[in-house]
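Inside the fold
Residues per chain, in single letters:
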Amino acid sequence: MQTLAKQSMVIVGAGHCGGRAAQALRSAGWAGVIHLVGDEPHAPYERPPLSKDLLTGDKTPTACALHSDEDWANLQVRRHVAQVTSIHPADHSVTLSNGEVLGYQSLLLAHGGKVRTLTIPGGDLPEVLTLRNLGDAAALAQRLQPGKRLLVVGGGFIGLEVAASARKLGCEVTVVEGAPRLMGRAVPEPVAERALALHRAQGVRVLLGASPQSIERTADGVRMLLADGTQLDADTVLAGIGIEPHLGLAQAAGLAVGRGIQVDAQLRTSVPGIFAAGDVAEFPSALSSQLIRQETWHNAETQAGIAAQNMLGGNATYTSLPWFWSDQYHYQLQVVGEPALAVTSATRALEDDGLVIFYLDASQRIVGACGWGEASRVAKELKLARTLVEKGVSASAEALADPATKLKALLK
Ligand SMILES: Cc1cc2nc3c(=O)[nH]c(=O)nc-3n(C[C@H](O)[C@H](O)[C@H](O)COP(=O)(O)OP(=O)(O)OC[C@H]3O[C@@H](n4cnc5c(N)ncnc54)[C@H](O)[C@@H]3O)c2cc1C
């Protein structure tokens with residue numbers, strides 16, 4: 001085992017982060033064996049289109065792939081369609097669900113999370129779906145025919161993106177959210193209000209403070225009962241209520257685990273030779289040093305490269321800022337940095353009821369920004385805002401709120 005292990009890198013999870021890490025190991029010059037173990041039948045792909053262009057049919061599964069078949073052949077990665085069922089740090093090996101044992105020199109845990117399901121009576125009916133992988137997206141897309149009734153449980157990013165896609169496909173859409181507003185604490189109130197107004201203007205029925213109690217079959221679909229007695233009929237229910245990181249494997253192997261698998265700024269877990277990255281990892285924030293976990297494309301993409309370098313003996317530090325986007329209709333939401341570190345904020349108006357909110361700490365340093373509005377405009381503004389946070393620029397709230405202040409000028 002030890003001889004083989006010295007020549008092998010093992011990656012658990014053939015998702016976005018795992019796929020990128022395999023590529024990064026090769027780019028960094030690793031000529032030995034790379035085992036990429038994933039329990040999905042597909043080669044690694046990007047998940048954001050699953051609730052957007054892929055669902056509406058504007059993008060194909062092939063277009064979501066991280067690499068073409070030719071690229072995979074060139075990378076010479078040994079892909080295993082199996083689950084890793086246990087890790088044995090003492091002899092540097094993992095066991096797969098097919099009984100195979102793989103030795104590793106370094107091991108990367110990039111196996112993401114599992115979607116939460118509805119635990120109410122009827123939550124396990126076949127009409128109740130979740131959305132995490134290509135198979136889920138295909139099953140959902142098949143049911144979103146014009147005129148069909150979709151009931152989305154959860155007014156978070158994925159639920160709202162699916163609602164927007166389903167409207168585009170001509171479905172009748174209802175969203176039920178337990179909280180008094182959409183998108184939880186991840187976005188500020190003014191953005192949640194604008195998103196609510198946009199969805200309602202697009203014909204979505206949105207019920208806030210709604211608590212699903214049960215789902216039962218009817219003659220032509222399903223009926224959901226809410227705590228206040230409201231009954232909602234639908235053909236399909238989508239539970240968009242988040243994920244739980246996969247922590248069992250790491251816990252069983254004795255790795256330190258909190259809200260994710262805990263790693264240091266080099267993405268090393270508490271056990272030598274084992275790294276974690278992507279949705280499953282809890283890591284120190286570059287801005288605050290506090291442990292955070294991110295479920296974002298950017299995090300999976302950028303942590304893969306750092307983890308790969310360090311698996312090869314490097315000492316690279318993960319310094320990238322948190323950043324994510326969500327597309328809903330022709331609008332986009334973006335959040336960069338850590339708004340939670342702010343003591344004050346400044347709001348800058350954009351056209352079409354859009355806005356950018358800047359977040360400032362006690363020394364007026366910009367620690368985060370949140371933008372909502374027409375997609376290309378938000379992309380432009382948030383690109384600059386991201387650079388301002390990265391460079392640790394300080395500015396007054398008045399200057400930031402004034403549309404006459406050129407953001408570029410603050411960079412000088
Ligand atoms: C519908 C949808 C829309 C999204 N939209 C956006 C967006 O607009 N913007 C944004 O920033 N982010 C978005 N995200 C989030 C982003 O896609 C994730 O953060 C990213 O995919 C995380 O990558 P990962 O590699 O850490 O995990 P994953 O991509 O989940 O990959 C983990 C892989 O490991 C596999 N696995 C699990 N356990 C095991 C095991 N024991 N053995 C082997 N394999 C295992 C899983 O099946 C999976 O294939 C979206 C996610 C979804 C689901």
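Bear in mind the structure is a predicted one, so any value in this text is a computation, not a measurement. (Residues numbered from 1 in each chain as written. Predicted model: local features only at pLDDT ≥ 70, side-chain atom pairs only at ≥ 80, totals over all residues. Heavy atoms only, no water.)

1. Side note on the environment of V81
Inspection of the secondary structure puts V81 in strand β3 (residues 78–81). We classify V81 as exposed; its relative accessible area is 58%. Separated by 41 residues in sequence, V81 and E40 place their C-alpha atoms 6.5 Å apart. (Helix = DSSP H or I, 4+ residues; strand = E, 2+ residues; numbered from the N terminus. Buried < 20%, exposed > 50% of the residue type's maximum accessible area, 1.4 Å probe, protein only.)

2. Observations concerning a positive patch on the surface
Where like charges cluster on the molecular surface, the positive patch consists of K380, K383, K406, K408 and K412. Assignment of secondary structure puts K412 in the segment after α13 (407–410). Classification of K412 by relative accessible area gives exposed; the value is 87%. (Patch = residues over 30% accessible without salt bridge, like charges linked within 9 Å, V, L, I, M, F, W, Y side chains within 5 Å. Areas by Shrake-Rupley, 256 points an atom, 1.4 Å probe, with all protein chains shown as cover. Salt bridge = Lys/Arg side-chain N within 4 Å of Asp/Glu carboxyl O. Lys, Arg positive; Asp, Glu negative; His and termini not counted. Charge placed at Lys NZ, Arg CZ, Asp CG, Glu CD.)

3. Some thoughts on the site of the ligand
With respect to spatial proximity, 34 residues lie near the ligand, and among them D39, E40, R47, K52 and D279 are the closest. At 2.8 Å from an oxygen atom of the ligand is found a main-chain nitrogen or oxygen belonging to C17. R47 has a polar side-chain atom sitting 2.7 Å from an oxygen atom of the ligand. Protein chains bury 94% of the 1,000 Å² of accessible surface belonging to the ligand in isolation. If you list the elements that add at least two residues to the shell around the ligand, you get α2 (16–27), β2 (33–38), α7 (157–168), α10 (297–311) and β22 (323–328). Residue classes in the shell around the ligand are distributed as 15 nonpolar, eleven polar and eight charged. Two domains share the shell around the ligand, each providing at least three of its residues, namely domain 1 (2–114 + 243–311) and domain 2 (117–239). (Near = heavy atom within 4 Å. Polar contact = N/O pair within 3.5 Å; in protein donor to acceptor, adjacent residues only side chain to side chain. Nonpolar A, V, L, I, M, F, W, Y, C, P; charged D, E, K, R; others polar. Domains from an automatic or database assignment.)

4. Remarks on the domain arrangement of the protein chain
When its domains are assigned, the protein chain resolves into domain 1 (2–114 + 243–311), domain 2 (117–239) and domain 3 (330–410). Taking only C-alpha atoms, the centre of domain 1 and the centre of domain 2 are 31 Å apart. In this assembly, 15 residues from domain 1 lie in contact with 14 residues from domain 2. Interface area for domain 1 against domain 2, summed over the two sides, is near 1,300 Å², with a carbon-plus-sulfur share of 64%. Summed over the shared surface of domain 1 and domain 2, the number is three salt bridges. D58 is the partner of K168 in a salt bridge, and the nearest nitrogen-oxygen pair spans 2.8 Å. (Contact = heavy atoms within 4.5 Å. Buried area = accessible area lost by both parts, 1.4 Å probe.)

5. Description of the pattern of salt bridges
Tallying each qualifying case throughout the model produces 19 salt bridges. With a closest N to O distance of 2.9 Å, R132 and D279 form a salt bridge. Taken as a pair, R132 in the loop between β9 (128–129) and α6 (134–143) and D279 in the loop between β19 (274–276) and β20 (281–284) lie far apart in primary sequence, 147 residues in all. Between E282 and R259 there is a salt bridge, and its shortest N-O distance comes to 2.9 Å. In this pair, E282 sits in strand β20 while R259 sits in the loop between α9 (248–252) and β18 (261–262), placing the two residues 23 residues apart along the sequence. Relative accessible area serves as the criterion here: at 53%, R259 is assigned to the exposed category. When salt bridges that share partners are traced, they join R149, D220 and D235 into one network.

6. Some points on the sheet that holds strand β25 (residues 355–360)
Taken together, five strands build an open sheet; the order of strands is β22-β23-β26-β25-β24 and the sheet is antiparallel. Strand pairing shows two members of the sheet lacking a second neighbour, β22 and β24 (344–349), which therefore form its edges. The mean inter-strand angle of the sheet, taken between neighbouring strand axes irrespective of direction, is 10°. Strand direction decides the pairing type here: β24 and β25, joined by six bridges, are antiparallel. Residue A349 lies in a different strand from β25, and its bridge partner there is L355. Along the sheet face, α7 touches β22 and β23 (331–337) and points at about 30° away from the line of β22. (Pairing = 2+ DSSP bridges. Axes fitted to C-alpha atoms, helices over the stretch in contact; angles between N-to-C directions.)

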